[in-house]
Amino acid sequence: MRLRASLLALGLGLAASPALAAGTLYVSNEKDDNLSVVDIETLEVIDTIPVGMRPRGITLSKDQKTLYICASDSDAVQVMDIESRKILHNLPSGDDPEQFALHPDDRHLYIANEDDAIVTVVDTQSRQVVEQIDVGVEPEGMAVSHDGKWAVNTSETTNMVHWIDTATQTLVANTLVDQRPRHAVFTRDDSLLWVSSEIGGTVSIIDVESKEIVQKISFELPNIHPDRIQPVGMELTSDGSTAFISLGPANHVAVVDAQTYEVKDYLLVGRRVWHMTLTPDEKLLFTANGVSGDVSVIDVEDMSVRKTIKVGRYPWGLAIVE
């Protein structure tokens, strides 16, 4: 495995860069109660949008016309029109919505309510709560399988993954993982679920059919205490070859071979890296760096940090409109 900082991170620049795709990146800023809007072609902030209090998770509708925003301290999910960049209305969300996932039907949002130990299911068309499902203490991460059969929630204090059957909106199974699970991602074929455990310092790979852990990944960085290596956000490439894992206050992103589960590289990014997103062509990876208040731009082809973009205070979630 290798450990390296990019030339740009050192202020030296890169000799050559691939052409950038068009598109727009939205970044939620927890402490500023707003979104930063970044032009992906120029890698510059082009707008700032005021939203509810403490925005965290953000996600797009399938047609990319609507952005959903978890305004945690406003106890609401806000619905923003992409074209006008205006908040249209709020959806009921339960207390302290933190992360959510949109079902493939493009209609039902599964929302983790940290303070109430429930998952709230909201119909975005009728704007009504469909169901509230009891889960573990401090629910955080949410994911829905690509086939729509499963919604999963991670509970930070109970240290479990909770499996919700979306056909019946009922909790049917639990999987114990390492301490403080934060984020969950299904593989494209829905055969495996990746779950990051922040305090445990690991990523668990869970077989979806059996609901059992089949592999664990741990991380080690020179001159960084293990307590600072705290996995949170994850991104998997569409071909299933590579996983990117943000390591929180270790200020690095781990590059993992998603077939062998070997850590191939560590990339130095900003301080307290949270969540990440890939561009649709998967040429660039953006990371939200909470403490340094910026976004790192990673060139996926040569695995180097290409640029740092200053955004608001405590950036958390990211979403890309093509």
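As a reminder, the structure under discussion sits directly above these lines.
Keep in mind that what you see is a predicted model, and the values were worked out from it rather than measured. (Residues numbered from 1 in each chain as written. Predicted model: local features only at pLDDT ≥ 70, side-chain atom pairs only at ≥ 80, totals over all residues. Heavy atoms only, no water.)

### Describing the overall build of the protein chain
So, step 1. On a plain count of helices and strands, the protein chain comes out with zero helices and 29 strands.
So, step 2. For 322 residues, the compact-globule estimate of 2.2 N^0.38 gives 20 Å, and the C-alpha radius of gyration of the protein chain, at 18 Å, lies within 12% of that figure.
So, step 3. Its C-alpha atoms put the protein chain at 55 × 45 × 30 Å along the principal axes.
So, step 4. Counting all 322 residues of the protein chain, 59% fall into the buried class.
So, step 5. Pairs at least 24 residues apart make up 41% of the contacts formed inside the protein chain by residues separated by at least 6 positions.
So, step 6. Here the protein chain displays about 13000 Å² of accessible surface, and carbon together with sulfur accounts for 46% of that area. (Helix = DSSP H or I, 4+ residues; strand = E, 2+ residues; numbered from the N terminus. Rg over C-alpha atoms; globule rule 2.2 N^0.38 Å. Buried < 20%, exposed > 50% of the residue type's maximum accessible area, 1.4 Å probe, protein only. Contact = heavy atoms within 4.5 Å. Areas by Shrake-Rupley, 256 points an atom, 1.4 Å probe, with all protein chains shown as cover.)

### What about the nonpolar core?
So, step 1. Counting 22 residues, the largest nonpolar core has Trp194, Ile217, Phe219, Ile245, Leu247 and Val256 as the members making the most contacts within it.
So, step 2. If near-sequence neighbours (up to four positions away) are discounted, Phe219 is found in contact with Gly201, Thr202, Val203, Ile229, Pro231, Ile245, Leu247, Ala254, Val256, Val263 and Tyr266.
So, step 3. Counting residues in hydrophobic clusters, the runner-up holds 14 residues, among them Leu25, Val38, Val295 and Val311. (Core = buried A, V, L, I, M, F, W, Y, C linked by side-chain atoms within 4.5 Å.)

### Notes on a negative patch on the surface
So, step 1. Residues Asp73, Asp75, Asp95, Asp115, Asp116 and Glu138 make up a contiguous surface patch of negative charge.
So, step 2. Within the fold, Asp95 resides in the loop between strand S8 (86–91) and strand S9 (97–102).
So, step 3. Residue class for Asp95 comes out partly exposed when judged on its relative accessible area of 34%. (Patch = residues over 30% accessible without salt bridge, like charges linked within 9 Å, V, L, I, M, F, W, Y side chains within 5 Å. Salt bridge = Lys/Arg side-chain N within 4 Å of Asp/Glu carboxyl O. Lys, Arg positive; Asp, Glu negative; His and termini not counted. Charge placed at Lys NZ, Arg CZ, Asp CG, Glu CD.)

### Section: the pairing of strand S22 (residues 242–246)
So, step 1. Counting buried positions along S22 gives five out of five residues, so the element sits mostly inside the fold.
So, step 2. Strand direction decides the pairing type here: strand S21 (residues 234–236) and S22, joined by three bridges, are antiparallel. When the bridges of S22 are listed, Glu235 appears paired with Phe244.
So, step 3. As consecutive antiparallel partners, S21 and S22 are separated by five residues, and within that stretch Gly240 has a phi angle of approximately 75 degrees, a positive value. (Pairing = 2+ DSSP bridges.)

### Regarding the sheet that holds strand S29 (residues 315–321)
So, step 1. The strand order S4-S3-S2-S29 describes an open sheet built from four strands, whose pairing is antiparallel. A strand with exactly one partner marks an edge of an open sheet, and here the two such strands are strand S4 (44–50) and S29. The sheet shows a mean angle of 25 degrees between the axes of neighbouring strands, taken without regard to direction.
So, step 2. Pairing between strand S2 (residues 24–29) and S29: five bridges, direction antiparallel. Each bridged residue has a counterpart across the sheet, and for Asn29 the counterpart in S29 is Pro315. (Axes fitted to C-alpha atoms, helices over the stretch in contact; angles between N-to-C directions.)

### Topic: the pattern of salt bridges
So, step 1. All told, the structure shown has 15 salt bridges when counted by the stated rule.
So, step 2. One salt bridge connects Lys307 with Glu44, and the closest N-O pair in it is separated by 2.9 Å. Of this pair, Lys307 sits in strand S28 (residues 304–310) while Glu44 sits in strand S4; the two residues are 263 residues apart in sequence, bridging distant segments of the chain.
So, step 3. Classification of Lys307 by relative accessible area gives partly exposed; the value is 25%.
So, step 4. The partly exposed category is assigned to Glu44, whose relative accessible area is 41%.
So, step 5. Within the structure, one salt-bridge network assembled from shared partners comprises Glu140, Glu156, Arg180, Arg182, Glu198 and Arg272.

### Observations regarding the sheet that holds strand S27 (residues 294–299)
So, step 1. Taken together, the four strands give an open sheet; going across it, the order is S25-S26-S27-S28, and neighbouring strands pair in antiparallel fashion. Both outer strands of the open sheet, strand S25 (273–278) and S28, are each paired with one neighbouring strand and no more. For this sheet, the mean angle separating the axes of adjacent strands, direction not counted, is 25 degrees.
So, step 2. Of the pairings in the sheet, the one linking S25 to strand S26 (residues 284–289) comprises four bridges and is antiparallel in character. Across the sheet, Thr277 pairs through a bridge with Phe286, a residue of S26.

In short, shape yes, function no, at least from these values alone.
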